[in-house]
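What the coordinates show
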Amino acid sequence: MDVIGHFVDGKPFSGSSGRHGDVFDPATGRRTARVELASAADVAVVVEAAGRAVRSWRDASLARRTAVLFAFRELVHARRDRLAGVITAEHGKVLADAAGEVQRGLEIIEYACGIPSALRGGFSENVSTEVDSYSLRQPLGVVAVISPFNFPAMVPLWFLPIAVACGNAVVLKPSEKDPSAALLLAEWFAEAGLPDGVLNVVNGDAEAVDALLDHPGVKAVSFVGSTPVARQVHQRGTAAGKRVQALGGAKNHMVVLPDADLDLAADAAVNAGFGSAGERCMAISALVAVEPVADALVARIAERMGRLRTGDGRRGCDMGPLVTAAHAARVRAYVEAGVAAGAVPVVDGRNVEPDGDANGFWLGPTLFDRVTPDMSIYTDEIFGPVLGVLRVGSYDEAVELVNANPYGNGTAIFTNDGGAARRYQHEVEVGMIGVNVPIPVPMAYYSFGGWKASLFGDLHAHGEDGVRFFTRGKVVTSRWLDPRHGGVNLGFPTQT
């Protein structure tokens, strides 16, 4: 059986911990590999390698950095099918969805190729007599990226290209559930000409995460995961003096007004609720139907769900398995809790007959009607293919419901009323909003991130916020002395 190690200083690296985790094919339930789990000592070796590399990389010209980014982009584009296949084999999402993940990651690489424009400073001449001021943005040093299982390529690519383009060295800690995509990206970056040690991959669990958060050589941490862990990462990292952006969980609402196109809304609810088996932080898990449309909308959604094929993502199915047996059992328990609480199971995914191995981690798409805000299937982030319908009597009730939720990641409104849509985007307390768009993930040149318990830290991922996160600003005030000036003056400097 394969043993998946680390990638450090431009080559494979085996740690000293002696601990391993299991990697499974979720569609078959079979263990396919073992992954090394780093110790704190292993992490120290990796951070030291990154520290050595950053000393020269931070001084590399923008032309050299962008040349590496362009070459890396070409490699990822040419090998996108291979990368998608690795994602499907370890995560379970269907191949088409994995290919879409790779495409969104490519968009971030392409944005990073334009880093010279993003790093431009400002210049003001003669702010005082023969005194000029200008601004600079410089890299932080060694930064860490801790990424989740649900997007093993795209989420690392939210951070890696920008961090590297800005002149930093990176230590990436991917999820131990599906680590192979991260290792491929690191190998391809090296092939593209990135110097040894600028990008390193260390596999591990909580011990590795804690070591990265505590290590004084790590200057910043980017994290994506559940809200409880994001909160802990932010607290521990900032206590250690690091800059931290910790993106947490979500409970994304889709509000459907009475004037909406119900066929469009039903299509969107199915796509956004069950894509990637609901294992998306931007998945729609709460559909808020403003009466009198609920009955008609639920019927349309159920009819579409009846045509979905759950099974092995390599067989052309619509939805794949969940990532692990433990996670599938957890989501199944939420379905059971929803039934016990009195929600109406319109479509029960526990009864699915998958097109795949019987030992796969299966749960079919599930639709609940008449969900209430006190039920656990509403209050908790389930992270699975479970969509709950809540019925409200007005637009105002819908906004009140959304804003009362502790999460504020993404939301969508479906309507043909431009005034209502404009009012919604102004009033709702959520970071990313879609108007007749169910999954409003921003393009690479905008930034990704939510509000409230969905984000800990001030700066979002990629786009302008990403550049600001991975750099520090300086302002220089300069005067080149002229023989006509001189003398001693103890007065406070003034702008004259």
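Up top you'll find the structure we're talking about.
Everything numeric here is computed off the predicted structure, so don't read it as measured data.

Some words on the overall build of the protein chain
When helices and strands are tallied, the protein chain shows 16 helices and 23 strands. Against the compact-globule benchmark of 23 Å for 496 residues, the protein chain has a radius of gyration of 25 Å, which places it among compact chains. Referenced to the eigenvectors of the C-alpha coordinate spread, the extents of the protein chain come out at roughly 85 × 60 × 40 Å. Per-residue burial for the protein chain yields a buried fraction of 55% across its 496 residues. Counting only contacts in the protein chain whose residues sit at least 6 apart along the sequence, the fraction spanning at least 24 positions is 73%. Distance between charge centroids for the protein chain: 5 Å, based on 46 positive and 56 negative side chains.

Things to note about the packing of helix α1 (residues 40–57) against helix α8 (residues 206–214)
With their axes 9 Å apart at the nearest point, α1 and α8 run at an angle of 45° to one another. Overall, the two elements α1 and α8 adopt an arrangement that is oblique. For the element pair α1 and α8, the recorded crossing hand is right-handed. Contacts between α1 and α8 pair A40, V43 and V47 from the former with E207, A208, A211 and L212 from the latter. Among the residues forming the contact of α1 with α8, the class breakdown is six nonpolar, no polar and one charged.

Remarks on the packing of aromatic side chains
Tallied over the full model, the rule gives nine aromatic pairs. Ring plane angle 35° and centroid distance 4.4 Å describe the contact between W158 and F448, whose orientation is recorded as tilted. In this pair, W158 is assigned in helix α6 (residues 154–165) and F448 in the loop between β20 (432–435) and β21 (451–452), connecting sequence segments 290 residues apart. Exposure remark for W158: the relative accessible area of 4% places this residue in the buried category. Geometrically, the ring pair formed by Y445 and Y446 is tilted, given 5.7 Å between the ring centres and 55° between the ring planes. One aromatic cluster is present, built from ring pairs that chain together W158, F159 and F448. Lying over the aromatic face of F469, R243 brings its terminal NZ or CZ to 5.9 Å of the ring centre.

Comments concerning the nonpolar core
Counting 71 residues, the largest nonpolar core has F72, L83 and W158 as the members making the most contacts within it. Sort the elements by how many residues they give to this core and α6 lands first, with ten residues. Of all hydrophobic cores here, the second largest spans 59 residues; its members include M254, A272, V290 and L387.

A short note on the pairing of strand β16 (residues 366–369)
Neither face of β16 is open: one carries T366 and F368, the other L367 and D369, and all of them are buried. Summarising the sheet, strand β15 (residues 344–347) and β16 pair through three bridges and their orientation is antiparallel. Following the sheet pairing, P345 is matched in β16 by F368. Note that β16 and strand β17 (residues 386–392) share three bridges and pair parallel. Pairing of T366 across the sheet is with V386, part of β17.

A look at the pairing of strand β12 (residues 243–247)
In terms of burial, β12 is largely enclosed, as four of its five residues are buried. In this structure, strand β11 (residues 218–224) lies alongside β12, joined through five bridges in parallel fashion. Across the sheet, V221 pairs through a bridge with V244, a residue of β12. Where β12 and strand β22 (residues 455–456) come together, two bridges link them in antiparallel fashion. Among the inter-strand pairings, L247 is bridged to a residue of β22, identified as L455.

Quick look at a nonpolar patch on the surface
A cluster of nonpolar side chains, namely M443, Y445 and Y446, defines an oily patch on the protein surface of about 350 Å² accessible area. Counting through the fold element by element, Y445 comes out in the loop between β20 and β21. Here Y445 falls in the partly exposed class, since its relative accessible area comes to 49%.

Some details on the pattern of salt bridges
Under the counting rule described, the total for this entry stands at 32 salt bridges. When the shortest N-O distance is used, the salt bridge between R315 and D355 registers 2.9 Å. In this pair, R315 is assigned in the loop between α11 (294–305) and α12 (325–341) and D355 in the loop between β15 and β16, connecting sequence segments 40 residues apart. What makes D355 partly exposed here is its relative accessible area of 26%. The partner of R423 in a salt bridge is D396, and the shortest N-O contact between them spans 2.8 Å. Of this pair, R423 sits in helix α15 (residues 418–427) while D396 sits in helix α14 (residues 395–404), placing them 27 residues apart in sequence. A residue is classified by how much of its surface remains accessible, and R423, at 38% relative accessible area, is partly exposed. One network of salt bridges, with partners in common, ties together D263, D267, R300, E303, R304 and R307.

Structural notes on helix α10 (residues 262–274)
Residues spaced three or four apart along an α-helix point in a common direction, a consequence of the helix completing one turn every 3.6 residues. Counted at 1.5 Å a residue, the expected span for α10 with its 13 residues is 18 Å, and the 18 Å between its end C-alpha atoms agrees. Listing the buried residues of α10 in full gives L262, A265, A266, A268, A269, V270, A272, G273 and F274. On the buried face of α10, the contacting elements are β13 (252–256), β14 (284–290), α11, β16, β17 and β19 (410–414). The N-capping residue of α10, defined by a side-chain oxygen 3.1 Å from the backbone nitrogen of D263, is D261. Note on α10: the residue one or two positions beyond its end, S276, has a positive phi of about 55°.

Some words on the sheet that holds β19
The seven strands are arranged β15-β16-β17-β14-β13-β19-β20 in an open sheet whose pairing can be described as mixed. Of all the strands in the sheet, just β15 and β20 have a single pairing partner and so form its edges. Taken pair by pair, the neighbouring strands of this sheet meet at an average axis angle of 20°, ignoring direction. With respect to the sheet, α12 is in contact with β15, β16 and β17, its orientation differing from that of β16 by roughly 25°.

Definitions and limits used
Residues numbered from 1 in each chain as written. Predicted model: local features only at pLDDT ≥ 70, side-chain atom pairs only at ≥ 80, totals over all residues. Heavy atoms only, no water. Helix = DSSP H or I, 4+ residues; strand = E, 2+ residues; numbered from the N terminus. Rg over C-alpha atoms; globule rule 2.2 N^0.38 Å. Buried < 20%, exposed > 50% of the residue type's maximum accessible area, 1.4 Å probe, protein only. Contact = heavy atoms within 4.5 Å. Lys, Arg positive; Asp, Glu negative; His and termini not counted. Charge placed at Lys NZ, Arg CZ, Asp CG, Glu CD. Axes fitted to C-alpha atoms, helices over the stretch in contact; angles between N-to-C directions. Parallel < 35°, antiparallel > 145°, perpendicular 65-115°, else oblique. Left-handed = near helix turned anticlockwise from the far one by under 90°. Nonpolar A, V, L, I, M, F, W, Y, C, P; charged D, E, K, R; others polar. Phe/Tyr/Trp six-rings, centres within 6.5 Å; stacked < 30°, edge-to-face > 60°. Lys NZ or Arg CZ within 6 Å of the ring centre and 35° of its normal. Core = buried A, V, L, I, M, F, W, Y, C linked by side-chain atoms within 4.5 Å. Pairing = 2+ DSSP bridges. Patch = residues over 30% accessible without salt bridge, like charges linked within 9 Å, V, L, I, M, F, W, Y side chains within 5 Å. Areas by Shrake-Rupley, 256 points an atom, 1.4 Å probe, with all protein chains shown as cover. Salt bridge = Lys/Arg side-chain N within 4 Å of Asp/Glu carboxyl O. Expected span 1.5 Å × (residues − 1). Polar contact = N/O pair within 3.5 Å; in protein donor to acceptor, adjacent residues only side chain to side chain.

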